[in-house]
Each structure stands twice: as structure tokens, then as C-alpha cells.
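# A look at the structure
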Amino acid sequence: MSQDHATPSDTMAKKPSSFSSSQPSSPLSCSSSAKKSSPRWAAVFAAQAFISVAAGAFGAHALVDVLGLNALAWWQTASQYLMYHALGGLIVAALFAYLPASKCILVLFFVGNLLFAGSLYVMALTGYTLLGMMTPLGGLCYLLAWGWLVWQLWQRLSEDT
């Protein structure tokens, strides 16, 4: 039986330059290992898509006789935007290795979902409308994420040409 013995220099030669740093990246850093992070982010956004479908069905069936028209509209809007941005997050997760700032875009989508959809869901259930001040912050996160995605794709386009 032959055993494959790799020397430290062989191991270093096989690593891409983006992984050669021994410094761990900050959780707030936009750079990350695509190999590890992309499936995690995809799972997070797939879970958010699941929540969107479940919440939409719950609102349409269980809450229709309980909530007022405004609250039902908030619930519906929350479910729609949660799904739109969960799908956006899945797309960006798929592009993770291709786009250098995709982690930041994913964080913005995630925070946007929490603030936008989350505040609308809680407002619908509790009637506590002061949470409506959080909703535009979530919308701002969405706009920043989409804008950053456009910028990153545009940068890649100019690099590829």
C-alpha cells in the first residue's frame, strides 16, 4: 500500500492565494471562504424562503378572520418581501465565489429581512405601530444590497472585458 505524504510546502502550493493568510477574517469583513460560507448563506436564505411561504399561508388561512385589513396587508407585504429577498440572497450565495463583496450583500439582505419583514409581522400581530420606524431601515438595507450587487456585477463586467 502506498501512502500519500504531503510536505508543508506541497500543501502551501495547493492553496489559492485568497486562503494563504493565517489571520481569521472578521465577522464584519466582506471577504470569506466561499467553500464554507456559500452553503451556509444559501441555507439561511432557503430557510427564510420557507418561513415566507409558511407565514403567507398562515396569514391567508389562520389570520384572515383575526386581523384587520391593515394588519393583513402588512402581513402580506412582509411575506412577499421576505420571499423576494430570500431568493435574492440565494442568487448572491450562488455567486459567492464570483463576487468579492458578496458576504456584505448577503448580510444586508439578511438584516433587511429582519428589519423590514420582521417589523411588519410583529406590527400585524401586535398592532404596535411604532415598529413601523424599523421598516424603512430594512428597505434601506435592501436598496444598499441591490445597489452593491449592481456595482459588483458591473465591476466584474469591466474586469472581464
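These figures come from a predicted structure and were not determined experimentally.

Among the structural elements, Gln 152 can be located in helix α5 (residues 135–160). For Gln 152, the residues in contact, after removing those within four places along its chain, are Leu 99, Pro 100, Ala 101 and Ile 105.

Following the criterion strictly, the structure yields 1 salt bridge and no others. Arg 156 is the salt-bridge partner of Glu 159, the closest N and O atoms lying 3.9 Å from each other. Placement of the pair is Glu 159 and Arg 156 together in helix α5, with a separation of 3 residues, close to one helical turn. On the accessibility criterion, Glu 159 (56% relative accessible area) is exposed. A relative accessible area of 22% means that Arg 156 is categorised as partly exposed.

What counts as what
Residues numbered from 1 in each chain as written. Predicted model: local features only at pLDDT ≥ 70, side-chain atom pairs only at ≥ 80, totals over all residues. Heavy atoms only, no water. Helix = DSSP H or I, 4+ residues; strand = E, 2+ residues; numbered from the N terminus. Contact = heavy atoms within 4.5 Å. Salt bridge = Lys/Arg side-chain N within 4 Å of Asp/Glu carboxyl O. Buried < 20%, exposed > 50% of the residue type's maximum accessible area, 1.4 Å probe, protein only.

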